[in-house]
Amino acid sequence: MNHRKKSVHRQKTRTLAIIGAGMAGSKLASVLAEDKRFHYRIVLIGAEKRAGYNRIMLSSLLAQDIDVTQMSLVDMTALRRAGVDTITGDPVVDVITETKSLSLQSGRQIAYDKLIFATGSTATRLPIEGTDATNVMCFRNWQDVERLSALPENSSVCVIGAGLLGLEAAVGLTKRGHKVTVVHRASSILNRQLDAAAAEMLQAKLVEIGIEFRLGVRPEKLLWVQAEKHAQVELAEPLVNRVQLSSGDEIATTLVVMATGITPEVSLAKQAGLEVNRAIVVNGYMETSQADIYALGECCEFQATTFGLIAPIWQQLDCLVAKLKDDTQTMLDSKKACQTYLKNPQTRNHALTKIQPTFQLEPIPTRLKVSGIQLFSVGDISRLTEHDNDENSTTAQLYQNITLLDKGQRHYRRLILEEDKLVGIILYGDVSDGNWFFSLLQSEKLLTESLDTLIFGEVYNQDLLEKITSANRQNENIKTKAATPEKKASHS
Amino acid sequence: MDNADKAVQNTKTTCPYCGVGCGVVLPLAAEGTHLTGPVIGDKCHPANYGRLCVKGSHLADTLTPEGRLLQPIVDGQETSWQDATQTIADRIKRIVSEHGPDAFAFYLSGQILTEDYYVANKLAKGFIGTANVDTNSRLCMASAVVGYKRAFGSDTVPCNYEDLECCDLLIMVGSNAAWTHPVLYQRIQAAKIARPHMKIVVIDPRKTATCDIADLHLAIAPGSDAAIFSYLLVETARRQQLNQDYIDTHTEGFADTFSQAQVFTGNAEFVAQFCQISTLQLQQLADWWCDTEKTITFYSQGVNQSTTGVDKSNAIINCHLATGRIGREGMGPFSITGQPNAMGGREVGGLANQLAAHMDFATSGAIDLVQRFWQAPNMAQENGLKAVDLFQAIEAGKVKVVWIMSTNPMVSLPDTQQIQRALEQCGLVIVSDCQANTDTSRFADILLPATGWSEKNGTVTNSERRISRQRGLLPPAGNARHDWQAICDVAKKMGYHHAFDYQSVHEIFAEHAALSGFENKGKRDFDISYFADIQQTDYDALVPIQWPVTKERPQGTARMFSDGHFFTPTGKARFIPIAPQLPIVKANADFPYLLNTGRVRDQWHTMTRTGKAAKLLDHTSQPYLELCSQDATQLNVREGQLVRVNSELGQVVLPVKISENQRQGQVFIPIHWTSQFASAAVVSSLIPQIVDPLSGQPESKNARVSIEKIANLTYGFALTKQAIIPEEWLYWCRTPIDQGGQGNEGNKNSHSYDFAICMSETTPSALVKTHLNQTHCLSEESEKSEWIEYKNPVNGHHRIAYLHEGKLNAIWYFSPNPDLPAKNWLASLMATNNVLTPADRLALLMGRASATVDKGATICSCFNVGEKQIRSAIANGYNTATALGQQLKCGTNCGSCLPEIGNLLSQTQAKSQTETMKMQDAV
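Reading the values: the criteria
Residues numbered from 1 in each chain as written. Chains lettered and ligands numbered in written order. Predicted model: local features only at pLDDT ≥ 70, side-chain atom pairs only at ≥ 80, totals over all residues. Helix = DSSP H or I, 4+ residues; strand = E, 2+ residues; numbered from the N terminus. Rg over C-alpha atoms; globule rule 2.2 N^0.38 Å. Buried ≥ 20, exposed ≤ 12 C-beta atoms within 10 Å, placed from the backbone. Contact = placed C-beta atoms within 7 Å. Arc of directions from axis to C-beta. Nonpolar A, V, L, I, M, F, W, Y, C, P; charged D, E, K, R; others polar. Pairing = 2+ DSSP bridges. Core = buried A, V, L, I, M, F, W, Y, C linked by C-beta atoms within 7 Å. Expected span 1.5 Å × (residues − 1). Axes fitted to C-alpha atoms, helices over the stretch in contact; angles between N-to-C directions. Parallel < 35°, antiparallel > 145°, perpendicular 65-115°, else oblique. Left-handed = near helix turned anticlockwise from the far one by under 90°.

(A) Main features of the overall build of chain B. Scanning chain B from terminus to terminus reveals 30 helices and 34 strands. Against the 2.2 N^0.38 benchmark of 29 Å for 923 residues, chain B shows a C-alpha radius of gyration of 28 Å, consistent with a compact globule. Out of the 923 residues belonging to chain B, those deemed buried represent 61%. Long-range contacts, defined here as pairs at least 24 residues apart, represent 73% of the contacts in chain B between residues at least 6 apart.

(B) Up close: the overall build of chain A. In terms of helices and strands, chain A carries 15 helices and 25 strands. Considering chain A as a whole, with its 492 residues, one finds that 41% of them fall into the buried category. Considering only intrachain contacts with a sequence separation of at least 6, the fraction spanning at least 24 residues in chain A is 63%.

(C) Structural detail: helix H12 (residues 268-275) of chain B. Residues and elements named next belong to chain B. Residues of H12 that are buried: Val271, Ala272, Phe274 and Cys275. The buried residues of H12 occupy one face: seen down the axis, they fall within an arc of 160°. Structurally, H12 contributes buried residues whose contacts are with helix H9 (225-238) and helix H13 (279-291).

(D) Quick peek at the interface of chain A and chain B. Across the contact, 17 residues belong to chain A and 17 residues belong to chain B. Within the side of chain A that touches chain B, the residues separate by chemical class into 7 nonpolar, 6 polar and 4 charged. With 4 bridges joining them, strand E23 (residues 399-406) of chain A and strand E30 (residues 785-792) of chain B adopt antiparallel strand pairing. Within E30(B), the position partnered with Asp406(A) by the bridge is Ile788(B).

(E) Quick peek at the nonpolar core. Counting 354 residues, the largest nonpolar core has Leu202(A) and Leu170(B) as its most contacted members. When neighbours within four sequence positions are excluded, Leu170(B) is seen to be in contact with Leu164(B), Ile188(B), Met198(B), Ile200(B), Ile296(B) and Phe298(B). With 55 residues, the next largest nonpolar core counts Ile18(A), Ala51(A), Ile293(A) and Leu317(A) among its residues.

(F) Expanded view of helix H4 (residues 114-128) of chain B. Residues and elements named next belong to chain B. If you check H4, its first and last C-alpha atoms are 20 Å apart, about what 15 residues at 1.5 Å a residue would give, namely 21 Å. Counting buried residues along H4, 15 of its 15 residues qualify, which places the element largely inside the surrounding structure. Of the residues flanking the end of H4, it is Gly129, one or two places downstream, whose phi is positive at about 100°.

(G) Quick peek at the environment of Glu347(B). Residues and elements named next belong to chain B. Position of Glu347 relative to the elements: it lies in helix H16 (residues 342-348). Owing to 27 C-beta atoms within 10 Å, Glu347 belongs among the buried residues under this scheme. Here the alpha-carbon distance between Glu347 and Ser516, two residues 169 residues apart in the chain, equals 8.6 Å. For Glu347, the residues in contact, after removing those within four places along its chain, are Thr114, Ala357, His358, Thr461 and Phe526.

(H) A look at the pairing of strand E26 (residues 703-709) of chain B. Note that strand E21 (residues 593-598) of chain B and E26(B) share 3 bridges and pair antiparallel. What sits directly across from Leu595(B), in E26(B), is Ala703(B).

(I) Representation of the packing of H9(B) against helix H15 (residues 309-323) of chain B. Residues and elements named next belong to chain B. Relative orientation of the contacting elements H9 and H15 amounts to 20°, with a least axis distance of 8 Å. The orientation of H9 relative to H15 falls into the category roughly parallel. Judged by the sense of rotation from one axis to the other, the crossing of H9 with H15 is left-handed. Contact residues: Asp225, Ala226, Phe229, Ser230, Leu232, Leu233 and Thr236 in H9; Asp311, Lys312, Ala315, Ile316, Asn318, Cys319, Ala322 and Thr323 in H15.

(J) Structural view of the sheet that holds strand E1 (residues 15-19) of chain A. Residue and element names in this part refer to chain A. Spatially, 5 strands are ordered E3-E2-E1-E7-E19 in an open sheet, and the strand pairing comes out parallel. Edge positions in the sheet fall to strand E3 (85-87) and strand E19 (293-295), since each has one partner strand and no second. Going from strand to strand, the sheet's axes swing by 15° on average, the running direction of each strand aside. Note: E1 against strand E7 (residues 114-117), 4 bridges, orientation parallel. Its bridge partner being in E7, Ile18 is matched across the sheet by Ile116. Against the sheet, helix H2 (residues 23-34) engages E1, strand E2 (41-45) and E7, with an angle of about 165° to E2.

(K) Examining the sheet that holds strand E9 (residues 136-138) of chain A more closely. Residues and elements named next belong to chain A. Pairing is parallel across the open sheet formed by 5 strands, whose spatial order is E9-E16-E10-E11-E12. Looking along the sheet, the strands with just one partner apiece sit at the ends: E9 and strand E12 (212-215). Across the sheet, the axes of successive neighbouring strands diverge by a mean angle of 25°, strand direction being ignored. Here strand E10 (residues 156-160) pairs with strand E11 (residues 179-184) via 5 bridges, running parallel. Residue pairing in the sheet places Val157 in a bridge with Val180 of E11. Across the sheet, helix H6 (residues 164-175) lies against E10, E11 and strand E16 (255-258), angled at about 165° from E11, the strand it touches most.

Put into structure tokens, the structure is as follows:
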């Protein structure tokens, strides 16, 4: 009784600090601030000057599909009015867990009761000669977009990497009138999301827009020239002007955009002594290895998985919010559970699931944010399609591929099945059935009866979702019933 | 008669299909060049009173220019009629002068008109001097003719259609009238509803659609019919039901006939065993027969196409004579002919064993009579060669010139291989036809383009002796001419100008009428001398009338033998002793199945016309081998899988249709599909040339065959806008794609092909490539060409669509099983020829639009109503044919589908009864 009273009293003055004012951090601040029953003082600390913007829309902004007024994710003014202490352009430089306090670059100290890591990730730079030149950049934040937007007309830009981000950058730059060459290591673009057939269609479309591709080659060196020869770029340092490829070819360029992946930003976490693998290790409550410290978004790692897409991050956020709100009452339980989990991750389900929602890994559909291009991809496509051209491989026999290809319309559907369950989806062109297919994949149900019509989508398979769910449930019931006597027998 | 009536009158004509001879009205455009809508039934015609079957309803669809022969062709070169007829005349004259008149032969057809028949018969028998004039009617009712002649002394059908409606017992023998004579079937069905006490018995080895209205179905052993009637004769006597007065007064030969019947069919058990039916069934028939004065025995090809067809006819007639059930209302032995003008051919004498006008060569004084009438220089003196003998003589080189008119012996005569040898061997083959490409026309040295139905002009006679006009309402296609004109032109060029100088077709009819009355004086049954002076106007206005038509009977004659007088020398009808026999060909270890043949509901003969009407292929689109499920299990074949059917003579390849209508060990193949429509489906190639010794009619409904499953196939279909040459496919069947009556210019050759290929020999992609090469699509491949492809390794389905300018140009579906979806929707896409919507492009390889409901197999071709629709309507309480008709319109036009609708109704009722019983059990 005494203890509880004391807690309530303390709540009013307790502080929750969020490191990182990107999408995850600012959204978390906003959600918590709106909740009247959540009594923490919230401090949101961002390294960037801008906070609370929708990073996903950067490609659209670059492509001029939207303008700056459409970039907002969280209304920062409203956030401040709600009492959130928002600090921007002042990165955290030190986390002192012993005293539960933070040091900012400006020297400011902030004490916290609960700390959230939402440090996101940084773009990866290839470790090649010339990678640090001033006209070699990444495509990661608003500032990058501003720089790219300021390029002189008809510049030649080399984008390295034909993943989602690289292609979005390439399209945006092309739409701004630049001459873009995309260099990609794999033989087909977007190879983690698409198979060769879909990639071919996408590439054809992008070529029509004006993008050039150099596939199956690596950039070996970025070659330098003297600064003064680049009068148009007001930089004193030397600049690269050619990309040398593994094929020996060279591509002339004014600017290089590296879009070769992202690296979770974990330096602070490491320094704070949190368990960090590729990223900050968390459990289903987004709890790190240390009490009162949580992580979410691209900087965290759950069950050996890191995150780059937004959908699971919002789920993490929901779990984290639920956890924080319920914290007072379940603090002891969860702490125990957390410790148990970190020692022995298999116990997670037993210890935690009953108490509150926990984050779980789920397949996530991918879409490319380029207007006029529809694609939808779910599943570990590069693994599922790695033996596409090898009819004798065991993988090819393990998976079955149903395909529908309309080359003229650039429509393509591929469903990858494993033992009559949907494990991979590639849609290009017409993605209207994407969510329906995705639901079938998520259901993990046998689709044996529907394989004749499946690829033609929901209109030809009315009520399939309902049907398979109930049918499989019945099957499971039968199995359970059948299994029960055996169990009994073995027990006796 | 005002002008409007005249206009209607003048657009009346007679259906060109079966022997019912229905009156139809053509909706002729004012300018007279085309039709403005579908053909409708003539409410005034006594054969049908406005009814039409599905084939008749779709007559307008068959009047397309596609495939028509438009110009005479001599030795491969198009030429003028002048040249062609001169060449024919010269060559016939030369051959006849070198080898004698019997080196010439006509092979005619029950499809040509009486006037065509008349001049052909006259030219051959009176001027060239040969009786080698035979016809495909030989395959159809020759046995019935001989049966009548043996019994009555004349080829006289005693009854009329009204008798079918007022009889109390109708015994249908070897007839699937529901499909082959649908309008008569409809009339019978309506009569049975109006007079429920009327009993109907069907005697047929197969359970056909006709059995739907039967009170009793005797599924007898094939060919055992005569035993039934022998038994009935004996049983009639045993039960003291003989009409002794009639036997004594009007017949002769009863005693011998009766003792012969007694010897063979002494007891019911033996007969039942012989016929493979139960004694109970046999007794039932005997009970009804003995108790029912007003009995009609209605018989058709099941009786006639037999080595003992004549005997079977007489076994039937014997029973009617013994009970005096003939010549009165609602009774008699009624042979129903298959063709629209088989009867007209008989009247003219257009058969090798007839002379003219119901006179035979053996008829005393007949040759002289006809010679004088015709002023003929070279009268034939004796019977000529009947169809099968004729083609054997051609192969043997005895007949050196054959003029084939409006028939397709390469499909219809037994032992196709022999017919081919004969035609290849023959010095001069002349083919008159309206279609350019038939299985027979490819052997022609000279091809003559004939006018087709709606163009040709003359008369036909139906199964009840009713003469009706087939009017020439549309202009001839191209340079087509009437057959009588072609014959007369040749005759004139041969030097017989005076005898063949007809200015108009009515002059031929008048001469034919005059001959029928020439020195007749009641000696001959066929007498239409009333018309001997008929003028053009009256001929054109001729209303349907039953012969004899004489000065004494200007209104015609409804019923024959009412006075008990027959046309034998004694004036008495003759009993014929019959020893029932089974078919000569029996199944053996190598060929363990007995093959039966016949028609399907919506096709006619060799499909030269019905094969053009897409709607007529909805009901049955492919040839098939029908067999029972036990046999299917034994052969390890499933529905739709391909089998090879072999006989000692030949081979066909067909998909399997499993049905409980077949008895074990008996299989059925339809007669229609030719090499123009399917790869190897000509059933005649399996049939031996075994004929009835009296009638010369082949036993086309009986052969022995072996069946082997063909494994490792890829099944499929293709819909293409360009004709494909499907040479390399193991199996294919071509059907036209419905153009919705619009006759879209670009789509004339749109066809659908069902096919199967050997997996080992080709792949779907290779096949598609071959097609495109054939149709020159690949050379046109450009940005306008698009491909859509669907592959599903789970079920092996592979589907490819080829689009041109956004429109469907060709589409292929492949599957390792014959489980392909319905093509109707795809065909409609191809026919409408619109740029496809995105939804349609997706649906293309699914086979149906997402919004469309799968209607199921087409039942009603007229309104395109499917089985699933009907079933669901029944489930919704529309549980009578009438209610279904009101709801879905099915069965309300031609009514051909009513038996099947009835079936669906009874199945559903049986099911609900079972369910009710189950529920009661549960309670």
